[in-house]
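Examination of the molecular architecture
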Amino acid sequence: MKEYDHKSIEPKWQKKWEDSGMYVASDTSDAKKLYLLVEFPYPSGDGLHVGHVRPYTALDVVARKRRMQGENVLYPMGWDAFGLPTENYAIKTGIHPKDVTKQNTDNFRKQIKSIGISFDWSREINTTDPDYYKWTQWIFLQLYKDGLAYKDKMAINWCLSCKIGLANEEVVDGKCERCGGETEKREKEQWMLAITKYAERLDKDLDDVNYIERVVLGQRNWIGKSEGAEIEFKIKDSKEVMCVFTTRPDTLFGTTYMVVAPEHPFVAEMQKSIKNIDEVRAYLQQTSKKTDIERTAEGKEKSGVELQGIKAINPANNKEIPVFIADYVLAHYGTGAIMAVPAHDERDNEFARKYNLPIVEVVQRPPEKNEETVYTGEGILINSGKFNGVETQRARIAITKEVRGRSKTTFKLRDWVFSRQRYWGEPIPMIYCEKDGWVPVPETDLPIELPEVEKYEPTDDGESPLSTIDEWVNTVCPICGGPAKRETDTMPNWAGSSWYFLRYTDPKNAKAFASTESLKRWMPVDWYNGGMEHTTLHLLYSRFWHKFLFDKGLVPTSEPYIKRTSHGLILADGGEKMSKSKGNVINPNDVVEQVGADTLRVYEMFMGPFDQAIPWSTNSMVGARRFLERVWRAQELISETSLDENLERLLHQTIKKVTNDIENMKFNTAVSTLMVFMNGIEEVGAITKEAYLMLIQLLAPFAPHITEELWESCGQKGSVHETTWPRYDHHKIKETTVTIVVQVNGKVRGSFEAPRDEEKAQLLEVALTIEKVQAHIDGKKVAKTIHIPNKLINIVV
RNA sequence: GCCGGAAUGGCGGAAUUGGUAGACGCGCACGACUCAAAAUCGUGUUCCUUCGGGAGUGGGAGUUCGAUUCUCCCUUCCGGCACCA
């Protein structure tokens, strides 16, 4: 027998697979289709990370198993290659981002191939390829035509170090999501996408998809749907009305003051009536200087100023109430104004206490609730005129109706800031004409390609580097033919990834982003695995684009992904995140070199639950390697004798468990089950060839190279990956004898072997003969006995 | 603060329609092989113990013949959101 030498085996089979094209998904097969997707990586200069290997291997295991079960599997890969690190590298070195991208993708491709993932490389895509981003631009134009893309001057989050505008989703703790630098608010004209028009459907349709719970919750939370009512308050001695949004119209009688956001136009409109206008202006100035971080950083101490001379009328009881401005009310949410009910809202309560405002309870507090806390729950109304005694849920509708309010649903979700003042992104295909305003580039002119530039840095005034190239910027208006200028902003790097899964179905189509036929064949994605960090960004954006395309009749389903799962991070040995600066990064290249791709794969599947973060342990990895070596050596144990009865049962149990565990992503227990079977083979010391070949098949999805080699050396023809997945015989799984556990008062006192399905009376008889059992019931009366078939006898004394 | 998730040997983890806690792997100890070492193989490995047993799945109560699993309260850790009316 040869030694197990991964260095010769792995490249050998990788080449055979590539030459045979056996992982190319068929566009003509009648077999059941299965579209498996992992997030395509940003090809960074650091190369592949062991963290990439986990999800790629996991769905590769599923892909290989399902192919063996006869399905036509599409499992593609590509590159999400626009982005800042490449651009920053270009700024530093002067090398064109295109060249950097080429180097990086070549490296990534080579690395991924070295771990034997069965991607269909014939469908490889790259978001920076003009043939690809032509269609990203095309989709933008369709959004524009439908009024879903618009330009707006607005306060955006500005990253001081990237010199770039950021979407809200890209700001984390007031810091830039990408570089971690400080951000501030800045007024700037930006292209926006009206994702909020899809808020309701993005929320509701989560009911119909099979996403893991934490993804659904993350999206729901981000969309922030909230049902309530809009109610108008008259302003005393004025024609003005103030409209508020509330989720608790039932507490209207408890409204003792109102608050409007400092930015609310009401303040300017009413300035003549405001007696303390200087004080108000001082407050406005103070808050406008504050960033969101500062507003929240002050321990949430609420502040505000009363608008003296202004009174609002509570429509429920016609009482005059004061009006405040305070920065705890947000201008962009609801109507930018609230009715304050300090008895039943914690924020209002805090504010009312600080400014000595009346607090009127209108919902009866249940007796068990602490009187110190603000009661925000449901109950029976009090101090509410004719609504006294009504239950809060019903009162919401009744009071809203009484004061002519209207039901209203609001969302936290805000429109998507789509402009970036950067070079390395898709140019936004719009032209500005003095006469005609913003004009879309004609579709026949797409793609608008990125021009060559000398400097990649954004300009000091925050404009894109494209703005300095006059011959590119200056163009003619598609409508009037007069002089006009191109938009120099580019798209954010979420653009290309918002539809890439569609392109895989028909990657070379020059007439459409994908043909209807291809889309019908492959969509929707059956199973999409990716990181939790993309729950509110990529996943929401791509669902939005897909729903838009569905509305246009361009894709066959309203949801792009049927099932979404998520992998846990791989941490460094000590449990910290792997990072270059800490020097604790494990390079998959080194691992493949030293112990082989199969060992790496088996280890990553075995290390722990797939959805859980887990520390890397090079020590533990040797267990995976030892296991493969034992499988290798077990060739020697193949003998002509018939299969041991216990081993046969174990084999069928193994087939069942591995088959189920793969589908449930319990890869760790699938591998351990294979190990148990291997232990069984060694214990018996012999195995039939047939049973050994089944072990090879079950292991094949996890360790595709060594199993090919073993399959071949056992004299089998063709690839193990093209064989039929083993089936188990449920008759052969059942044990003929079972271990019966004997308990006395619930404590284990002994056990014995008995034939399967033995009667209780017989079992009890045997149980009572056990010495230890006798010792524990000695002199006591047996109250009752409990029998769980084929499991245990419990004697209660 | 709110919403999720988690807590099991020296370590990663396994086991739930409630039924032998610690599968599998790592590590460790001892033994075999070897001049020796590595590799490999074998045996053992939750803790305490007066060797009869006893305790034990973050802590405390409860339901049950029986609880890692179900209920209530609490602690700690991780992740997400954060003045959203």
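The following paragraphs examine the structure supplied in this document. This structure is a prediction, so every number in the text was calculated from the model and none was measured.

**Description of the overall build of chain A**
What chain A contains, in helices and strands, is 26 helices and 30 strands. Along the first, second and third principal axes, the C-alpha set of chain A runs to 100 × 85 × 50 Å. When contacts within chain A are restricted to residue pairs at least 6 apart in sequence, those whose partners lie at least 24 apart make up 72%. Accessible surface, chain A as shown: approximately 36,500 Å² in total, 48% of it carbon and sulfur. Each charge class in chain A was averaged separately, 105 positive and 117 negative side chains, and the resulting centres sit 3 Å apart.

**Observations concerning the pattern of salt bridges**
Using the criterion set out here, one finds 46 salt bridges in the structure. With a closest N to O distance of 2.8 Å, Lys15 and Asp19 form a salt bridge. Remark: Asp19 and Lys15 occur in helix H1 (residues 6–20); sequence separation between them is 4 residues, near one turn of the helix. By relative accessible area, Lys15 is classed as exposed at 53%. Judged by relative accessible area, Asp19 falls into the exposed class, the value being 56%. The salt bridge partner of Glu712 is Lys16, with a shortest N-O separation of 3.9 Å.

**Observations concerning the packing of H1 against helix H23 (residues 704–713)**
The relative placement of two packed helices is expressed as an angle between their axes plus a distance between the axes. Close contact between H1 and H23 brings their axes to 9 Å; oriented N to C, the two are set at 85°. On the basis of the axis angle, H1 is roughly perpendicular to H23. On H23, the residues that touch Ile9, Glu10, Lys12, Trp13, Gln14, Lys16 and Trp17 of H1 are Pro704, His705, Ile706, Glu708, Glu709 and Glu712. For the contact of H1 with H23, the residue count by class is 5 nonpolar, 2 polar and 6 charged.

**Some points on the protein's contact with RNA strand B**
Around RNA strand B lies a shell of 52 residues, among which Thr247, Tyr333, Arg347, Lys412 and Asn794 are the nearest. When atoms of RNA strand B within 4 Å of the protein are split into backbone and base, the sugar-phosphate part holds 62%. A distance of 2.3 Å separates a sugar or linking oxygen of RNA strand B from a polar atom in the backbone of Thr247. In this structure, Lys412 approaches RNA strand B through a side-chain N or O atom, which is 3.2 Å from a sugar or linking oxygen. Secondary structure elements with two or more residues in the surface near RNA strand B: strand S12 (241–246), helix H10 (292–297), helix H19 (618–633), helix H21 (667–684), strand S27 (737–744), strand S28 (747–755), strand S29 (784–788) and strand S30 (792–796). Looking at which element gives the most residues to the surface near RNA strand B, the answer is H19, with 7 residues. Residue classes in the surface near RNA strand B are distributed as 19 nonpolar, 18 polar and 15 charged.

**Details of the pairing of S30**
A large share of S30 lies buried, amounting to 4 of its 5 residues. Note that S27 and S30 share 4 bridges and pair parallel. If you follow Gln743 over to S30, its bridge partner there is Asn794. Of the pairings in the sheet, the one linking S29 to S30 comprises 5 bridges and is antiparallel in character. Considered in S30, the bridge of Ile786 is made with Asn794.

**As for unusual backbone geometry**
Of note, the bond from Leu446 into Pro447 is cis; its omega dihedral lies within 30 degrees of zero at -5°. Mapped onto the fold, Pro447 is located in the loop between strand S20 (437–440) and helix H13 (470–473). Between Met523 and the following residue, Pro524, the backbone shows a cis peptide bond with an omega angle of -5°. Following the sequence through the fold, Pro524 ends up in the loop between helix H15 (516–522) and strand S23 (527–530).

**A closer look at the nonpolar core**
Judged by nonpolar contacts, the single largest core of 86 residues is most densely connected at Tyr75, Trp616, Phe667 and Phe702. Residues within four places of Phe702 in sequence aside, it is in contact with Val61, Arg601, Val602, Met605, Val658, Ile662, Phe667, Ala670, Val671 and Leu674. Residues Trp138, Ile195, Trp424 and Tyr500 belong to the second largest nonpolar core, which totals 78 residues.

**Section: helix H18 (residues 597–606)**
With 9 of its 10 residues buried, H18 lies for the most part within the structure. Buried within H18 are the following residues: Ala597, Asp598, Thr599, Leu600, Arg601, Val602, Tyr603, Glu604 and Met605.

**With respect to the packing of helix H20 (residues 645–663) against helix H22 (residues 689–699)**
With their axes 11 Å apart at the nearest point, H20 and H22 run at an angle of 15° to one another. With respect to each other, H20 and H22 are oriented roughly parallel. Judged by the sense of rotation from one axis to the other, the crossing of H20 with H22 is left-handed. Contacts between H20 and H22 involve Leu651, Thr654, Ile655 and Val658 on the former and, on the latter, Ala691, Met694 and Leu698. In the contact of H20 with H22, the residues fall into 6 nonpolar, 1 polar and no charged.

**Regarding the sheet that holds S27**
The strand order across the open sheet formed by 4 strands is S28-S27-S30-S29, and the pairing between neighbours is mixed. The outermost strands of the open sheet, each flanked by one partner alone, are S28 and S29. In this sheet, adjacent strand axes meet at a mean angle of 20° when their direction is disregarded. Two elements, S27 and S28, share 8 bridges in a ladder whose sense is antiparallel. By the bridge assignment for S28, Val738 is matched with Ala754. Each of S27, S28, S29 and S30 touches helix H25 (residues 760–769); the most contacted strand, S30, lies at about 65° to it.

**A short note on the packing of aromatic side chains**
Inspection of every chain in the model, using the stated rule, returns 42 aromatic pairs. With a centroid separation of 5.3 Å and an interplanar angle of 50°, the aromatic rings of Tyr328 and Phe351 are classed as tilted. Of this pair, Tyr328 sits in the loop between strand S15 (320–326) and strand S16 (337–340) while Phe351 sits in helix H11 (residues 346–354), and the two are 23 residues apart along the sequence. The two residues Tyr328 and Phe351 agree in class, both being buried. Between Tyr528 and Tyr561, the ring centres sit 4.5 Å apart and the planes meet at 45°, which makes this aromatic pair tilted. Taken together, the positions of Tyr528 in strand S23 and Tyr561 in the loop between helix H16 (538–551) and strand S24 (563–566) put the pair 33 residues apart, joining distant regions of the chain. Ring pairs connect the aromatic residues Phe140, Tyr144, Trp191, Tyr198, Trp416, Phe418, Tyr432, Trp438, Trp494, Tyr541, Phe544 and Trp545, which therefore count as one cluster. The residue whose ring lies beneath Arg64 is Trp17, and the NZ or CZ to ring-centre distance is 4.9 Å. For the cation-ring pair, Lys563 lies above Trp527, with the distance from its terminal atom to the ring centre recorded as 3.6 Å.

Conventions and cut-offs
Residues numbered from 1 in each chain as written. Chains lettered and ligands numbered in written order. Predicted model: local features only at pLDDT ≥ 70, side-chain atom pairs only at ≥ 80, totals over all residues. Heavy atoms only, no water. Helix = DSSP H or I, 4+ residues; strand = E, 2+ residues; numbered from the N terminus. Contact = heavy atoms within 4.5 Å. Areas by Shrake-Rupley, 256 points an atom, 1.4 Å probe, with all protein chains shown as cover. Lys, Arg positive; Asp, Glu negative; His and termini not counted. Charge placed at Lys NZ, Arg CZ, Asp CG, Glu CD. Salt bridge = Lys/Arg side-chain N within 4 Å of Asp/Glu carboxyl O. Buried < 20%, exposed > 50% of the residue type's maximum accessible area, 1.4 Å probe, protein only. Axes fitted to C-alpha atoms, helices over the stretch in contact; angles between N-to-C directions. Parallel < 35°, antiparallel > 145°, perpendicular 65-115°, else oblique. Nonpolar A, V, L, I, M, F, W, Y, C, P; charged D, E, K, R; others polar. Near = heavy atom within 4 Å. Polar contact = N/O pair within 3.5 Å; in protein donor to acceptor, adjacent residues only side chain to side chain. Pairing = 2+ DSSP bridges. Core = buried A, V, L, I, M, F, W, Y, C linked by side-chain atoms within 4.5 Å. Left-handed = near helix turned anticlockwise from the far one by under 90°. Phe/Tyr/Trp six-rings, centres within 6.5 Å; stacked < 30°, edge-to-face > 60°. Lys NZ or Arg CZ within 6 Å of the ring centre and 35° of its normal.

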